[in-house]
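Spelled out from the first residue to the last, the chains are:
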Amino acid sequence: MQLLLVQRANSGLTIGDTHVYDEPFDFAVDENLCDHLRARAERILGWPLPPVVRRWAGVYAVATDNRLYFSQRIDPDVWLVTGPAGRGMTFAPAIAEETWEAVTT
Ligand SMILES: Cc1cc2nc3c(=O)[nH]c(=O)nc-3n(C[C@H](O)[C@H](O)[C@H](O)COP(=O)(O)OP(=O)(O)OC[C@H]3O[C@@H](n4cnc5c(N)ncnc54)[C@H](O)[C@@H]3O)c2cc1C
């Protein structure tokens, strides 16, 4: 768990985030993790957090070696690009650029 705390323009708060790496992983979200995150944030802020309105939970793939993401030509016309872990949105433009270069050279 790492505590990220961001205030939004609507003065709402986004707090995060917890990860489970054990495999096979459960498809359900363990509420205890969210309670722990909330308790930690409330201890730091010194007041009770407002109710949770929206929650973002999901699964992402991670390259198991030290690559930032997994990219491989698996067929003459097929490239498999996956596994950027929790950085995929941030890395997407760079991954797209590298993939385009790999595919077109
Ligand atoms: C809760 C959470 C928080 C995150 N926070 C951040 C963050 O703060 N910053 C950041 O950079 N990244 C973050 N990430 C990670 C980021 O979302 C992923 O790294 C990124 O989405 C991976 O991109 P992708 O294209 O490889 O896979 P995905 O985004 O998972 O896209 C795969 C696509 O394939 C489609 N698909 C699946 N099966 C099939 C099929 N059989 N046929 C056709 N289509 C199919 C799916 O519908 C999906 O649209 C977070 C992820 C999660 C879950």
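Residues numbered from 1 in each chain as written. Predicted model: local features only at pLDDT ≥ 70, side-chain atom pairs only at ≥ 80, totals over all residues. Heavy atoms only, no water.

**Considering the pattern of salt bridges**
And step 1. Scanning the entire structure with this criterion turns up three salt bridges.
And step 2. A salt bridge links Glu31 to Arg55; the nearest nitrogen and oxygen atoms lie 3.3 Å apart. With Glu31 in helix α1 (residues 31–45) and Arg55 in the loop between α1 and β3 (70–75), this residue pair connects regions lying 24 residues apart in the sequence.
And step 3. Two residues, Glu42 and Arg38, come together in a salt bridge whose shortest N-O distance is 3.1 Å. Of the two residues, Glu42 and Arg38 both sit in helix α1, four residues apart, roughly one turn of that helix. (Salt bridge = Lys/Arg side-chain N within 4 Å of Asp/Glu carboxyl O. Helix = DSSP H or I, 4+ residues; strand = E, 2+ residues; numbered from the N terminus.)

**Re the site of the ligand**
And step 1. As a matter of local geometry, the ligand sits amid Trp56, Gly58, Val59, Tyr60, Pro84, Ala85, Gly86, Arg87, Gly88, Met89 and Thr90.
And step 2. At a separation of 3.0 Å, a nitrogen atom of the ligand approaches a polar backbone atom of Gly86.
And step 3. Within the backbone of Gly88, one N or O atom sits 3.1 Å away from an oxygen atom of the ligand.
And step 4. About the coverage of the ligand: the protein hides 39% of its 1,000 Å² of free accessible area.
And step 5. Each residue belonging to the shell around the ligand can be placed in one class, and the counts come to six nonpolar, four polar and one charged. (Near = heavy atom within 4 Å. Polar contact = N/O pair within 3.5 Å; in protein donor to acceptor, adjacent residues only side chain to side chain. Areas by Shrake-Rupley, 256 points an atom, 1.4 Å probe, with all protein chains shown as cover. Nonpolar A, V, L, I, M, F, W, Y, C, P; charged D, E, K, R; others polar.)

**Looking at the pairing of strand β2 (residues 13–16)**
And step 1. The sheet contact formed by strand β1 (residues 4–7) and β2 spans four bridges and is antiparallel. Opposite Leu4, over in β2, you have Gly16 as the bridge partner. (Pairing = 2+ DSSP bridges.)

**A short note on α1**
And step 1. Along its 15 residues, α1 runs 21 Å from first to last C-alpha, staying within 8% of the 21 Å computed at 1.5 Å per residue.
And step 2. Inspection of α1 places Cys34, Leu37 and Ala41 among the buried residues, and these make up the whole buried set. Mapping the buried residues of α1 onto a view down its axis gives an arc of 60°, with all of them on the same face. Exposed side of α1, more than 90 degrees from the buried face: Asn32 and Arg43 are the residues found there.
And step 3. Capping of α1 at its N-terminal end is provided by Asp30; its side-chain oxygen lies 2.9 Å from the backbone amide nitrogen of Asn32.
And step 4. Two residues or fewer past α1, Gly46 is found with a positive phi of approximately 85°. (Expected span 1.5 Å × (residues − 1). Buried < 20%, exposed > 50% of the residue type's maximum accessible area, 1.4 Å probe, protein only. Arc of directions from axis to C-beta.)

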